[in-house]
Amino acid sequence: MLMTLGTPPSQAETDAWHDVIAAAHLQDVPASVPEPGRTETAGKLRVQSPNARMVHLVSTTPDGSYDGVATLLLFTEESSRHTAFLDALVVRPDARRRGVGARLWGAIRAELAAAGRSSVSTMLELGGAGEAFVDGLGFSKVLPLAWYVQRVREADAELPPPRLPDGYRFADWEGVVPDALADEFARAHDVMRDAPGGGADERTPSWDTERVRGAARLVDDRGGILLTSVVLAEGVAGGPGGSGGAGESVAAYTELVLRDPSHTRALQYDTVVVPEHRGRGLGRAVKRRLLSTLTERHPGVREISTSVADDNAPMLAVNAALGYRRERPAGIFQAKL
């Protein structure tokens with residue numbers, strides 16, 4: 001039987017959902033990749049995205065347990081209201097090849113049609129059960145990428161301290177951007193719109209201060225931790241806590257997330273260098289800075305993982321210099337409806 005999960009779900013519903021996710025992870029993902037924590041699962045189910053309507057679907061067995069789950073994000077911002085993102089479609093390994101995935105996909109297609117969406121995309125491991133499942137559903141790979149991993153203690157011990165050219169300085173914070181830097185930080189975020197996107201239909205709207213703050217609050221509301229390091233240019237040094245001085249601008253930034261504070265692997269989010277400051281080693285420097293901040297504030301984290309598009313040569317070069325190693329291939333897949 002299929003049903004839509006309410007928001008917020010009960011503890012029992014969250015546990016049943018997490019059991020499916022954890023079992024599939026052990027089956028489908030290399031053993032080196034830590035499984036999702038319950039805090040991460042509960043946060044995604046409990047807290048809605050500020051930029052999408054989230055639909056959580058479950059397939060239940062006669063005894064009431066879950067044998068499959070799916071999450072669909074129907075974007076609500078005008079620039080992407082024609083498309084959607086399939087965040088998860090997972091069938092418990094012992095329930096596969098029994099039509100569970102097909103039933104969930106049928107319900108997803110109905111949601112997409114009712115919302116008037118013309119496409120849907122998803123991120124998948126290459127060569128795994130997910131890619132095999134979507135192969136016959138009209139999906140095609142629009143952006144090849146891979147996951148890369150950096151070992152925190154080894155990198156922090158082996159890499160030289162971060163250095164900046166004259167006229168630049170570092171600032172760091174945890175959580176929401178300080179008010180004094182909010183406008184500049186939003187402007188730097190807007191540069192991400194020139195990152196490789198392949199042929200995916202999703203279009204990132206302009207970043208403003210509210211969108212930047214909302215993204216940070218979402219991580220916190222879901223029980224995670226967001227760390228940010230930035231490079232500031234052309235100004236008088238500001239006060240403590242990352243506040244900027246007069247005339248300072250954000251020249252580069254990088255973000256890192258612990259989706260569950262107990263995790264031993266952190267997730268690298270965006271790294272951006274504003275165009276007029278490129279070619280000065282700021283991308284490498286700011287990522288090295290955040291590595292030091294992470295080891296100081298969260299010594300239990302052993303690894304950082306990040307996904308990079310295969311055609312993003314500048315970031316691949318930066319990561320290679322910082323000791324990242326390729327772990328496994330993945331891709332963004334999209335289906336036209």
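You'll find the structure just up there.
Residues numbered from 1 in each chain as written. Predicted model: local features only at pLDDT ≥ 70, side-chain atom pairs only at ≥ 80, totals over all residues. Heavy atoms only, no water.

Asker: What am I meant to see in the pattern of salt bridges here?
Answerer: Tallied over the full model, the rule gives 18 salt bridges. In this structure, the salt-bridge partner of Asp 87 is Lys 44, at a minimum N-O distance of 3.7 Å. One end of the pair, Asp 87, is in strand 4 (residues 84–91); the other, Lys 44, is in helix 2 (residues 38–46), with 43 residues separating them in the sequence. A residue is classified by how much of its surface remains accessible, and Lys 44, at 27% relative accessible area, is partly exposed. A single network of salt bridges, built from pairs that share partners, joins Glu 125, Arg 151, Arg 265, Glu 303, Glu 327 and Arg 328. (Salt bridge = Lys/Arg side-chain N within 4 Å of Asp/Glu carboxyl O. Helix = DSSP H or I, 4+ residues; strand = E, 2+ residues; numbered from the N terminus. Buried < 20%, exposed > 50% of the residue type's maximum accessible area, 1.4 Å probe, protein only.)

Asker: What is the right way to read the packing of aromatic side chains from this model?
Answerer: The relation between two aromatic rings is expressed through the spacing of the ring centres and the mutual angle of the planes. Per the stated rule, a full pass over the model turns up three aromatic pairs. Ring geometry for Phe 185 versus Tyr 253: centroids 5.0 Å apart, planes at 75 degrees, classification edge-to-face. You can see Phe 185 sitting in helix 6 (residues 182–189) and its partner Tyr 253 sitting in strand 9 (residues 249–258), a full 68 residues away along the chain. The class of Phe 185 is buried, set by a relative accessible area of 2%. (Phe/Tyr/Trp six-rings, centres within 6.5 Å; stacked < 30°, edge-to-face > 60°.)

Asker: How should I be thinking about helix 3 (residues 100–114) in this particular structure?
Answerer: Two residues of an α-helix separated by three or four positions point the same way, owing to the 3.6 residues in each turn. In this model, helix 3 (15 residues) spans 21 Å end to end at C-alpha, consistent with the 21 Å of a helix rising 1.5 Å per residue. For helix 3, the set of buried residues is Val 100, Gly 101, Leu 104, Trp 105, Ala 107, Ile 108 and Leu 112. With its buried residues spanning 160 degrees around the axis, helix 3 presents them on a single face. Those residues of helix 3 that are exposed and angled more than 90 degrees off the buried face are Ala 113 and Ala 114. Where helix 3 terminates, the next one or two residues include Gly 116, which has phi positive at roughly 70 degrees. (Expected span 1.5 Å × (residues − 1). Arc of directions from axis to C-beta.)

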